Amino acid sequence: MRTILAVMILLSCMTGTGTAGGDISVSCDIPYFLGQKRGYMLPGELLQARIIVENFGPAAKNVPVDIVLPPGFLPAGRYEYWQVAGLENNAVLKTEADLGGGYGQWFDLVPIRVGPDAAPGAYTVSIVAGGLIHNYGVTVAAKKPAEADGGLTVNRILIPLDKDGKKDERLHDNTLVLRDRTLDYYKNILRGKGASNQEVEAIHPVVHMGIEFLNPGGQQKLVNITVRLLDYNTHQPVAGLLTPGTTGEDKDAGSLAGNADCLTAFAAITGEERQRLLLPVYADERLIAGGRYWLQVVVDDGFIQPVTVKSPLTVVRKNMGAMLVTGAAALVFLLALALGLKQLRATLATMKTRWLVTIALFGAAAFTIVNVPTTLLNDFFHILLGPFGFLVTGIFNGVFLYMLVIALVILIPRPGVVALMMAVRMLLGMLAFGNISPVSILTYGLQALLLELALYYANVYARSSGTPVSAAATAGQVLPTAIACGLADSIATYANMQAMAFLYRLYFADWYIYMVTLVNGFLYTAVGAACGVFLGKQLAKVGGD
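What counts, and where the lines are drawn
- Residues numbered from 1 in each chain as written.
- Predicted model: local features only at pLDDT ≥ 70, side-chain atom pairs only at ≥ 80, totals over all residues.
- Heavy atoms only, no water.
- Axes fitted to C-alpha atoms, helices over the stretch in contact; angles between N-to-C directions.
- Helix = DSSP H or I, 4+ residues; strand = E, 2+ residues; numbered from the N terminus.
- Parallel < 35°, antiparallel > 145°, perpendicular 65-115°, else oblique.
- Left-handed = near helix turned anticlockwise from the far one by under 90°.
- Contact = heavy atoms within 4.5 Å.
- Nonpolar A, V, L, I, M, F, W, Y, C, P; charged D, E, K, R; others polar.
- 1 Å grid on protein atoms, 1.4 Å probe; cavity = no way out; pocket = protein on both sides within 12 Å on 5 of 7 lines; lining within 4 Å.
- Points joined across faces, edges and corners; volume = space filled by probe spheres on them.
- Phe/Tyr/Trp six-rings, centres within 6.5 Å; stacked < 30°, edge-to-face > 60°.
- Lys NZ or Arg CZ within 6 Å of the ring centre and 35° of its normal.
- Pairing = 2+ DSSP bridges.
- Core = buried A, V, L, I, M, F, W, Y, C linked by side-chain atoms within 4.5 Å.
- Buried < 20%, exposed > 50% of the residue type's maximum accessible area, 1.4 Å probe, protein only.
- Patch = residues over 30% accessible without salt bridge, like charges linked within 9 Å, V, L, I, M, F, W, Y side chains within 5 Å.
- Areas by Shrake-Rupley, 256 points an atom, 1.4 Å probe, with all protein chains shown as cover.
- Salt bridge = Lys/Arg side-chain N within 4 Å of Asp/Glu carboxyl O.
- Polar contact = N/O pair within 3.5 Å; in protein donor to acceptor, adjacent residues only side chain to side chain.
- Expected span 1.5 Å × (residues − 1).

This next bit is on the packing of helix H6 (residues 390–411) against helix H8 (residues 438–457). Orientation of H6 relative to H8, taken along the N-to-C sense of each, is 50°, at an axis distance of 13 Å. Judged on the interaxial angle alone, H8 and H6 are oblique. Considering how the two elements wind past one another, H6 and H8 form a crossing that is right-handed. On H8, the residues touching Leu401, Tyr402, Ile406 and Val409 of H6 are Gln447, Leu451 and Leu455. Classifying every residue of the contact of H6 with H8 gives six nonpolar, one polar and no charged.

Shown next as structure tokens:
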């Protein structure tokens, strides 16, 4: 083998590009750098040889191509298009290039490994193609202490990012918010963009993710990156992420005809000590449910053990529930509003003037005690408690408000009293703070309607205009009143959360919605209603009817 190598060296010509017989041109870059260049390789490192063979003759040719490795250089592993011949320390890589006539071209990027025990110095790699021999020098340097354990590692996974690689501050880390594509077809028609289908929408990334590599050894290589979703408990792959197809050559054709099980990408590790790759994330929202997952990233160069890393991921899925709840609440509110306006004159005709004055005073008191501190201190409580600020503001919206509402009902046990008080409170809030929005109007209206129904069927209102309920109020009436108000306000609170999610594009975890409904909607309200029974009884003794 050494004799063959010596003959090849004697027949060698200058490195670079040459021709054989005037028809075949051979060029090679070794080592071929994917990013920053350096003049040396390290023992154990993987280098790339970019070989280009061209045929300028009119006839097609089949040209054998050999790569003769010097002692100390090793094949990188199993090759798909190359055969390994010779001894381990004097290996020869062989293949054949099929070249068409009239400027036929063939090229390949061949990985070669510098032996881990290769001594520092200059080495020669020979390329033999079509009778033409080229020698290329490769310098092997000694490993520096910092490069001794310089393997490629994944430092962290960053998601969600925008297309420029910037963090989306509206969302928590490791969160994937799925788009709601249910109404895309109709939205695009109304906006004049034409009909849309899932094939078109699939080629738009849901979000971008960043993979940050640490590469202290300065390795350069081409890698396949595979991203999968794993079940949080079983760690088994689940469908949802995809690599969209772009041509009709894909299986079944179309954008959704790519890999429907994982997201794949082909990337270059450029040798930087710290490198971040930005990848678009494509997902089929039909296959992914909201919840907790593991995001698995596998980096494989095809020769060494793949680098695998997992990161927790929370998937937020917008569903039709918020839209259905909001739509149903709005429909009920509009029907009740139409009925209420029709009965308004008759209801006011049964009211005494002093009752109307009392209702207005209680509405103003509710505005002062509830709306003013809640509006002014809401941001302060959110700074201190974050999303749990409702635990403080709920005392005003729940306990204090329903103390006034039930006390008023005890004093004036007439249907329509709660609705009139809520209307006064809402109007004052609109005038003072500009609290005018579809959600606020829906919340006030639904709250008044549900309270009117709950109080009526819980027999809190007097069935006749005779003796007021307050005169017969006992401890046994506290529990039905508290439960009726708690249930009514729980429904109104839940509808309010869903309306904010649907109209304002806010995303709440299910447990958070249930906690707000339970604490702010039921618990605080029930306590306030119970206190309101005793407060109304005491006020009745002072003012009476």
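Now that the structure is up, let's keep going.
Here we come to the layout of surface pockets. Reported here for the second largest pocket is a volume of approximately 1100 Å³. Along its surface, the second largest pocket is lined by 32 residues, and Ala336, Gly340, Gly416, Ala419 and Glu452 are the ones closest to its centre. Counting residues per element, the ones that place at least two in the lining of the second largest pocket are helix H4 (321–349), helix H7 (417–433) and H8. In terms of residue count, H4 provides more of the lining of the second largest pocket than any other element does, 11 residues in total.

Now for the packing of aromatic side chains. Under the defined criterion, the tally for this structure stands at 11 aromatic pairs. Every member of this aromatic cluster is reached through a ring pair, and the members are Phe388, Phe390, Trp511 and Tyr512. In this structure, Lys310 is placed above the aromatic ring of Trp294, and the distance from its NZ or CZ to the ring centre is 5.9 Å.

As a rule of thumb, non-glycine residues mostly have phi less than zero, and peptide bonds are mostly trans rather than cis. With an omega of -5°, the peptide bond running from Ile30 to Pro31 counts as cis. A cis geometry characterises the amide bond from Ile159 onward to Pro160, with omega recorded as 10°. By the element assignment, Pro160 lies in strand E11 (residues 153–161). Despite not being glycine, Tyr103 has its phi angle at roughly 70°, a positive value. Within the element layout of this structure, Tyr103 appears in the loop between strand E7 (90–99) and strand E8 (104–114). Unusually for a residue other than glycine, Asn174 sits at a positive phi of about 55°. Within the element layout of this structure, Asn174 appears in the loop between E11 and strand E12 (175–178).

The next subject is the sheet that holds strand E17 (residues 274–281). Taken together, three strands build an open sheet; the order of strands is E11-E13-E17 and the sheet is antiparallel. A single partner strand is all that each edge strand has here, and the edge strands are E11 and E17. The mean inter-strand angle of the sheet, taken between neighbouring strand axes irrespective of direction, is 20°. Here E11 pairs with strand E13 (residues 207–214) via six bridges, running antiparallel. Bridge pairing in E13 links Leu158 to Gly210.

Ranked by size, the top nonpolar core spans 56 residues in total, and within it Ile406, Val418, Met421 and Leu455 carry the most contacts. When residues of this core are traced back to their parent elements, those giving at least two are H4, helix H5 (353–385), H6, H7, H8, helix H9 (478–503) and helix H10 (510–543). A total of 13 residues in this core trace back to one element, the largest contributor, which is H6. The residues touching Val418, leaving out its near neighbours within four places in the chain, are Val405, Val409, Leu451, Glu452, Leu455 and Tyr461. Counting residues in hydrophobic clusters, the runner-up holds 36 residues, among them Ile30, Ile67, Ala118 and Tyr136.

Right, let's get into a nonpolar patch on the surface. Taken together, Leu376, Leu377, Phe380, Ile383, Leu384, Leu385, Phe388, Leu391, Phe433 and Trp511 make up a surface patch of nonpolar side chains, about 980 Å² in accessible area. Its location among the elements puts Leu377 in helix H5.

With respect to the secondary-structure elements, Gly210 resides in strand E13. Along the chain, Gly210 and Leu277 lie 67 residues apart, while their C-alpha atoms are 5.5 Å from each other.

Right, let's get into the packing of H4 against H8. H8 packs onto H4 with a crossing angle of 65° between their chain directions and a minimal axis gap of 10 Å. What the angle tells us is that H4 and H8 run roughly perpendicular. Considering only the axes of H4 and H8, their crossing is left-handed. Each of Thr326, Ala329, Ala330, Val332, Phe333 and Ala336 in H4 lies in contact with H8, whose residues at this interface are Ile441, Leu442, Gly445, Leu446 and Leu449. The residue inventory of the contact of H4 with H8, partitioned by class, reads nine nonpolar, two polar and no charged.

Right, let's get into the environment of Asp162. Considering the arrangement of structural elements, one finds Asp162 in the loop between E11 and E12. Judged by its relative accessible area of 30%, Asp162 is partly exposed. Residue contacts for Asp162: discarding those within four places in its chain leaves His208 and Leu278. From its side chain, Asp162 meets the backbone nitrogen of Asp164 in a polar contact 3.0 Å long. From its side chain, Asp162 meets the backbone nitrogen of Lys166 in a polar contact 2.7 Å long.

As a further point, take the pairing of E13. Of all eight residues making up E13, seven are buried, and the element is well covered by its neighbours. Here E13 runs beside E17; their pairing, made up of eight bridges, is antiparallel. By the bridge assignment for E17, Phe213 is matched with Gln275.

Let us now look at H7. In a regular helix each residue adds 1.5 Å, so 17 residues correspond to 24 Å; H7 covers 24 Å between its end C-alpha atoms and thus fits that length. Listed in full, the buried residues belonging to H7 are Val417, Val418, Met421, Met422, Arg425, Met426, Gly429 and Met430. Taken together, the buried residues of H7 touch H5, H6 and H8. Gly434, located one to two residues past H7, shows a positive phi value of around 70°.

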